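Working through the structure, step by step
Listed below are the residues making up each chain.
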Amino acid sequence: MSEEILDNDEIKAAKNRTWKWLRALEIIGFVLLLVGIGFKYMHYAGADIITLFAVLVLVIVYLALFAPLISAQKSNKTILGFSIFAGFTLATTLIGILFKFFLWSGADNIVIVGYASVLFGLIFIWIKMKGENPELNANKAIYRLWGFGLIAIALFHVNARKLFDFNHNYRASENLLDAFENTYTYPDNSAMNDRYMELRRQHFDSINAIDWPETPID
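Residues numbered from 1 in each chain as written. Predicted model: local features only at pLDDT ≥ 70, side-chain atom pairs only at ≥ 80, totals over all residues. Heavy atoms only, no water.

**A word on the side chain of Thr93**
Threshold: In DSSP terms, a helix is any run of H or I states spanning at least four residues, a strand is any run of E spanning at least two, and both are numbered starting from the N terminus. Between buried and exposed lies partly exposed: a residue is buried under 20% and exposed over 50% of the maximum accessible area for its type, with that area taken using a 1.4 Å probe on protein chains only. Any two residues whose heavy atoms approach within 4.5 Å are treated as being in contact.
Its place among the elements puts Thr93 in helix H4 (residues 76-102). The exposure class assigned to Thr93 is buried, which follows from its relative accessible area of 1%. Leaving out residues up to four positions away in the same chain, Thr93 has contacts with Val113, Gly114, Ser117, Phe148, Gly149 and Ala152.

**Observations regarding a nonpolar patch on the surface**
Quick reminder of the rule: Here, patches come from residues exposed beyond 30% relative accessible area and free of salt bridges, joined within 9 Å for like charges and within 5 Å for nonpolar side chains (Val, Leu, Ile, Met, Phe, Trp, Tyr). A 1.4 Å probe and the Shrake-Rupley method give the accessible areas. Residues count as covered only by the protein chains that appear here. Salt bridge, as used here, is a side-chain nitrogen of Lys or Arg placed within 4 Å of a carboxyl oxygen of Asp or Glu.
Residues Leu119, Leu122, Trp146 and Leu150 make up a contiguous nonpolar surface patch of roughly 370 Å² in combined accessible area. Residue assignment for the nonpolar patch shows that the elements contributing at least two residues are helix H6 (113-130) and helix H7 (139-157). Among the secondary structure elements, Trp146 is positioned in helix H7.

**Thoughts on H7**
As a reminder of what qualifies: To estimate how far a helix should extend, the number of its residues minus one is multiplied by 1.5 Å.
Relative to the 27 Å expected for 19 residues at 1.5 Å per residue, H7 spans 27 Å between its end C-alpha atoms, a close match to the ideal helical length. Here H7 has its buried residues at Ala141, Ile142, Arg144, Leu145, Phe148, Gly149, Ala152, Ile153 and Leu155.

**Considering the packing of aromatic side chains**
Condition: Here a pair means two rings of Phe, Tyr or Trp (six-membered ring of Trp) with centres within 6.5 Å. Their orientation is stacked below 30 degrees between planes, edge-to-face above 60, and tilted elsewhere.
The final tally for this structure, using the stated rule, is 9 aromatic pairs. Note on Phe85 and Phe88: the rings are 6.5 Å apart at their centroids and 35° apart in plane angle, and the pair reads as tilted. With Phe85 and Phe88 both in helix H4 and 3 residues apart, this pair spans about one turn of that helix. Between Phe99 and Trp104 the ring centres are 5.1 Å apart and the planes differ by 85°, which places this aromatic pair in the edge-to-face class. Overall, Trp104 belongs to the partly exposed group, its relative accessible area being 33%. One aromatic cluster is present, built from ring pairs that chain together Phe99, Phe101, Phe102 and Trp104.

As structure tokens, then:
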């Protein structure tokens, strides 16, 4: 396939239409994500569902529509294949951020992909600077890879204890925070998990002003 066919006006118009769809869906995803995080901070109902849906929208967008963020007049097949893999990496990084934010099992392992996102951004710059593809324009892709990559790296180094306090309630006791930290660090320890679940139940009971007697009432 000739370069002229690859870069004719019809193909460029199709790329522009795809970019508009990407931008619109991306804006929707970011707005929902901000709403979800805001609801989470205020401890409103529905925060988790909104956040999950927002990340799902962004993941689908980057898996299916990452290629329009990159334009090049040479080595189109190579750049297209590389962009698909970069989109997959970015989507995985988003899932890692979600796992870490909700403190789900395996979060730290997934968020390490954030380093890969930053690496992909550097590779794009290296390709352009080396002169192998001087017409390459991947600024939009680089900003997203670096942005989400750095967020993932930052979350990877954030103490899980602080995220737990944010996710649940600022009134969490030190005993509950200690119990959660132990459970998060040693997920296979059943005794630590039982202690955490008991303290967690007591914490939410106290928030709801429920008094659970230690002994049955005669």
